[in-house]
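So you can see what is in the structure, the chains are spelled out below.
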Amino acid sequence: MSTEDTPAPRSLAEALRSRDDVSLAALLRSRPDLITPVPTDLTQLATRAGTRASVVRALERLDRFALQTAQALAVAGDPAAYEELLGLMAGDERDAAVAAALPHALGVLREQALVWGGDDRLRLVRTARELLSPSPQHPSPTGLGPTVQEATAGMSPGRIQEIVTTAGLPSTHDSVSAVAALTGLFTHRKRMARLLAKAPAEAREVLERLVWGPPYGQVTADPAAHLRWLLDRGLLLPTAPGTVVLPREVALHLRGGRAHREPEPVPPPVAVAAVHRPQVVDSTAAGQALTALATVEELLKEWDEGGPAVLRAGGLSVRDLKRTAVALDVAEPVAAFWVELAYAAGLVASDGEADERYAPTPAYDEWRELPPAERWGRLAEAWLAATRTPGLVGGRDAKERTLAALGPGLDRSAAPEVRHRVLTLLAALPEGAAPVAESVLERLRWERPQRREDDLRARLAQWTLHEAELIGVTGRGALSAPGRALLGVPVPEGARGAREARGAQEESAGPGDKLPVHHHHRAATPLTAAEQAGATATAARLLAPLLPEPLDHVLLQADLTAVAPGPLQRPLADMLAVLADVESKGGATVYRFTPASVRRALDAGRSASDLHAFLAAHSRTPVPQPLAYLIDDVARRHGHLRVGAASAYVRCDDDALLNEILADRRAAGLRLRRLAPTVLAAQADPAALLEGLRAMGFAPAAESAEGDVLIARADAHRTPPRTAPEPVPDGPPVPDATLLAAAIRAIRAGDLASTAPRKPSEGGSVAPGELPRTSSAETLATMQAACLTGEAVWIGFVNAEGAASQRVIAPVRVEGGFVTAYDHTADEVRTFPLHRITGVAELADD
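Quick summary incoming for the structure in this document. All residue numbers refer to position in the chain's written sequence, counted from 1. For a predicted model such as this one, the threshold for reporting local features is a pLDDT of at least 70, and the threshold for listing and counting side-chain atom pairs is 80 or more; totals across whole chains, interfaces and linings nevertheless cover every residue. Calculation of side-chain values draws on the structure's entire complement of heavy atoms; hydrogens and water are dropped beforehand.

Let us look at the packing of aromatic side chains. Here a Phe, Tyr or Trp ring, Trp counted by its six-membered ring, pairs with any other such ring whose centre lies within 6.5 Å, and the pair is stacked when the planes are under 30 degrees apart, edge-to-face when over 60, and tilted otherwise. Counted by the stated rule, this structure contains four aromatic pairs. The cationic tip of Arg 375 hangs over the ring face of Trp 367; the distance from NZ or CZ to the ring centre is 5.5 Å. Sitting over a ring, as applied to charges here, requires NZ of Lys or CZ of Arg to be within 6 Å of the ring centre and within 35 degrees of the ring normal.

Printed below as a string of C-alpha cells:
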C-alpha cells in the first residue's frame, strides 16, 4: 500500500522493486514459472509476470473468491480505489462477510503480482484485464456488458444528444461530455431511481431479464413501446443491427452495486456423512492394507515366469487385463489400479526382450523381504506421488485410441496435487469422520474454479476417495492414523489417548449430525523428498501394530484343502503357493491340493519325504490320509518318464509304458517315433512335449544334457534393474529455499546493474537495456582510475557463449589483459578479460 512518504509505483516493475525478499520469495514460490530461467532483473521479471501464458496459469490457481475479486477489478476503473472494489464485491449494503474476506483476497492477488499499486490506485495487470474483461466474444462471468462509453463509441453525435435530452439531461456541445453526463446519471443512485420509477412495467421486466447476464438482447426494426422507452433513454444501447446491450452502469445500479450475483467469500465446508470410532477406522484401514499387499503379491506371482506380452504401442491388451482381473477376482478397473500401483512402485516393468513381456523387477524381491508395514509404506508413497491415472484405462485419447493399462497417455500432472488436497481435506475433519463425496468435489471446485480440466479434477477426486480405501489410507471413508502420518499431519495425541474412553459411544453418527469442520482452503505445503520419506516411515510404524502377526501354521482338512486363518510367514506362504492352488480368499485363505499342484512342487526340486515333513511341521491338525496318498501317488509316477532335446526325446526304463504312449491317439500331434527300446523321439520342443504328456495323464520330468532332472523355479524370470516411472510435473517444480535465495540475489544484483545511475558519457547517453560502448583505451583508463579510487563502475560484458549482460563491479587489479574486481551482480570476486568488456561507465554520485 502506498503511504505519504512512499511514491506510488508507476509500473509493475517498480512495485516489485519495492518488495522485500520475503515477499519476492512468496511470489516466486507461487509462480515458479517466473524463475525458469532466472530473470536478469526485476524489469524482466515483471515482463514475464505479464505474459499471457504465465497470467493464465496464475489465474487457474486462484480460489473462487480471489478470482471473483480479479473479475471485479476487470470491470472497475483503471486504476480503481479500494472503495470502488469493495462496492463491486459487497454491494451497496456492504455484505459483512465479503468485506471481511476482501483484504485477504486482494493480498493474494498482490502476492501473485496480478494486482499492483496502493489502495487508492489498484491496477490489474494488463493481460489479466484483457482476459477477464467482458466482450461479445468472451462474456465475463460477472454477466456485465460494456460501459456507456464503450457501447456508444460508434454512435453518431446527434443520436447521443437525443438520448441525453430524452433522459432529462441538458444537451452538451460534444459527444464526450454527453457520454460523461449520461454515465454520471446512471451511476447516481437517487437520480437513477427517479428515472426508473417512470419506466413502464414491461420495460422493467426487460431490464430484470438482462441484469445478471447475458446483457445482450434482440430487437426488431420497429421495437415495442416499452423497448423504445429504454432505447430513447440509453438504458439499452444498440451494438449491431437488431442487437442491444444493457450498459454496465445500468446493470450495476439494478444489482445494488454488485459485480457478482453470489460472491463466495467463504469456502464451502466439507460435509460429514458419518463418524466412526477412530480404532474402527484404523482397524478397517489395516485390513485393507493387508489385502493390498496380498493382491500385489498375487499379481506378481502370476507374472513370475513372464507375464503378459507388451502391446506394440505399449501396455496390456484388453484380453490380458481381463485375465488379470479374473486371476485377482476383482473388476477390471480395480485390476488396472493394482497393475498401475505395482508399476508406480517399481515392482513390475517390461523385460526388454525381443518377445517383450511384463515381469517383476529385482526390486520386487527386495520389497518382499521387508516387514509388511514397510511394504505398505512403499506402495502408499508411490500412489500418493504418481501422475499415472488408472481411472483413465479403457477411455480414449485425443486421437480416439484406447488407453491401456501400463500404456502411454495415462499421465495427468494434476493427479498428485488433487490426491494430496483431497486427503488434506479429510485430515481437517474430526478423527473418524467420513466426508460426503459431493461436498469434497464442491470444495475443490471452489479452490480451483478456473482450471480448464475441471471435470478431470472432479474425476481425480472421486478416484482418490476410492483408491485411498482400496490401499488402506482410509477406512470406512475416514482418514486413518497411518494416512494422516503419510501426509505429514501429526496424529492428535490427546485424541488417541481418549479413544478407549469413547469406546462405549455410538460407532457411527448420521448424516445430519453437526461436527466441527476446519475451513482452511489453502493446500498444505508439499513435502520434500526427505520429509516424505520420514512421513512414510512414521505411517509404517503406526500401521505395524494394527497388522496381525504372520502365522507359521495352517489347518489341513480331509477334503484335500488347507485353511490359512490369517497371513502366513514368508517361507510357509511361498512353499504353500507352489504345493497348492488358492481356492478362495477372504478373512481366511483356502488352498486346494491337486495332482498338478503336487507335481509342481516335485518339479521345483522337492521330494515326497520333503513334502510330508513340511506339512507335518506346519499343520495344527494331523496330515489327512488322502493328502498323504496323493503325494505318494504323484511322486511314484514323477520322473518315470524323462524328456530332453532331440528336437525332444522321451526315455523310460519301462518299454511297456513307452508302448502305451505310442498307442495312445492323443500322442499323434507329438509325432513320436522309437529310437531304442527305452527312447522315443518327438518333433515337438521339450516344453510342448512335457505339456502334451501331462495332458495325457503322465507325470514326466525334464532333464538336462547330463541326464539330471531340471528343477523349475517359480521366480525364474526377472527384468533387468528398472527404476520406477518418474511423475510428470505440473509445470516447473516449486523452488526450494536454497534456489529461491540464489534466484532473488541474482535478480537483485542484476537489477542493481541495470538501474544504477550512470554519468553521461561524452558520446551521449546509453538507452535503457543497451550495453555501454567505449574504446579499448577508454575502458583500460577508466578501469585503472577506478582501481585507484576504489569506486564501482558499470560495464557491459559478453561471456564465452556470446551472452551479453550488464554488471556493476569494483575493480581491484588490472594487469595482463584482465581486470580482477568484486562483482556486485554475482556477489563474488571475479576476473574479466578486458577484450570481452564492451564498454564502461562511471556511476553517478547519487
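This part covers helix α18 (residues 332–344). Strands are runs of DSSP state E lasting at least 2 residues, helices are runs of H or I lasting at least 4, and numbering of each runs from the N terminus. Any helix carries an expected span of 1.5 Å times its number of residues minus one. In this model, α18 (13 residues) spans 18 Å end to end at C-alpha, consistent with the 18 Å of a helix rising 1.5 Å per residue. Within α18, 10 of the 13 residues are buried, leaving the element largely enclosed by the surrounding structure. Among the residues of α18, Val 334, Ala 335, Ala 336, Phe 337, Trp 338, Val 339, Glu 340, Leu 341, Ala 342 and Ala 344 are the ones counted as buried. Where α18 ends, the next residue or the one after it, Gly 346, has phi of about 80°, a positive value. Burial classification: accessible surface area is computed with a 1.4 Å probe over protein chains only, and a residue below 20% of its type maximum counts as buried, one above 50% as exposed, and the rest as partly exposed.

Turning next to the nonpolar core. What makes a nonpolar core is a set of buried Ala, Val, Leu, Ile, Met, Phe, Trp, Tyr and Cys residues whose side-chain atoms join them at distances within 4.5 Å. Counting 92 residues, the largest nonpolar core has Leu 73, Phe 186, Leu 235 and Leu 236 as the members making the most contacts within it. The element contributing the most residues to this core is helix α5 (residues 64–75), with eight residues. Here, residues are in contact when the closest pair of their heavy atoms is within 4.5 Å. Those residues within four positions of Phe 186 in sequence are excluded, and the remaining contacts are Val 148, Met 192, Leu 195, Arg 233, Gly 234, Leu 235, Glu 249, Val 250 and His 253. Grouped together as the second largest cluster of nonpolar side chains are 70 residues, Leu 299, Val 334, Leu 456 and Leu 460 included.

Strands qualify as paired when DSSP identifies two bridges or more between them. By the bridge criterion, six bridges tie strand β21 (residues 793–798) to strand β22 (residues 804–815) in an arrangement that is antiparallel. The residue bridging Gly 796 from the neighbouring strand is Gln 806, located in β22. Hairpin connection, β21 to β22: the antiparallel pair is bridged by five residues, and Gly 802 has positive phi, about 90°. By the bridge criterion, six bridges tie β22 to strand β23 (residues 818–823) in an arrangement that is antiparallel. Following the sheet pairing, Arg 813 is matched in β23 by Thr 820. Two successive antiparallel strands, β22 and β23, enclose a turn made up of two residues, where Gly 816 displays a positive phi of approximately 60°.

This next bit is on the pattern of salt bridges. Salt bridge, as applied in this entry: a Lys or Arg side-chain nitrogen positioned within 4 Å of an Asp or Glu carboxyl oxygen. Counted under the stated rule, the structure contains 38 salt bridges. Here Asp 92 and Arg 189 are joined by a salt bridge, their closest N and O atoms 2.8 Å apart. Taken as a pair, Asp 92 in the loop between α6 (82–90) and α7 (96–111) and Arg 189 in helix α12 (residues 189–197) lie far apart in primary sequence, 97 residues in all. Accessibility expressed as a relative area gives 44% for Asp 92, which makes it partly exposed. The shortest N-O distance in the salt bridge between Glu 150 and Arg 248 comes to 3.7 Å. Here Glu 150, found in helix α9 (residues 148–151), pairs with Arg 248, found in helix α15 (residues 248–254); they are 98 residues apart in sequence, far enough to count as distant. Of the residues examined, Glu 150 reaches a relative accessible area of 47% and is grouped as partly exposed. Taking the relative accessible area as the measure of exposure, Arg 248 reaches 7% and is therefore buried.

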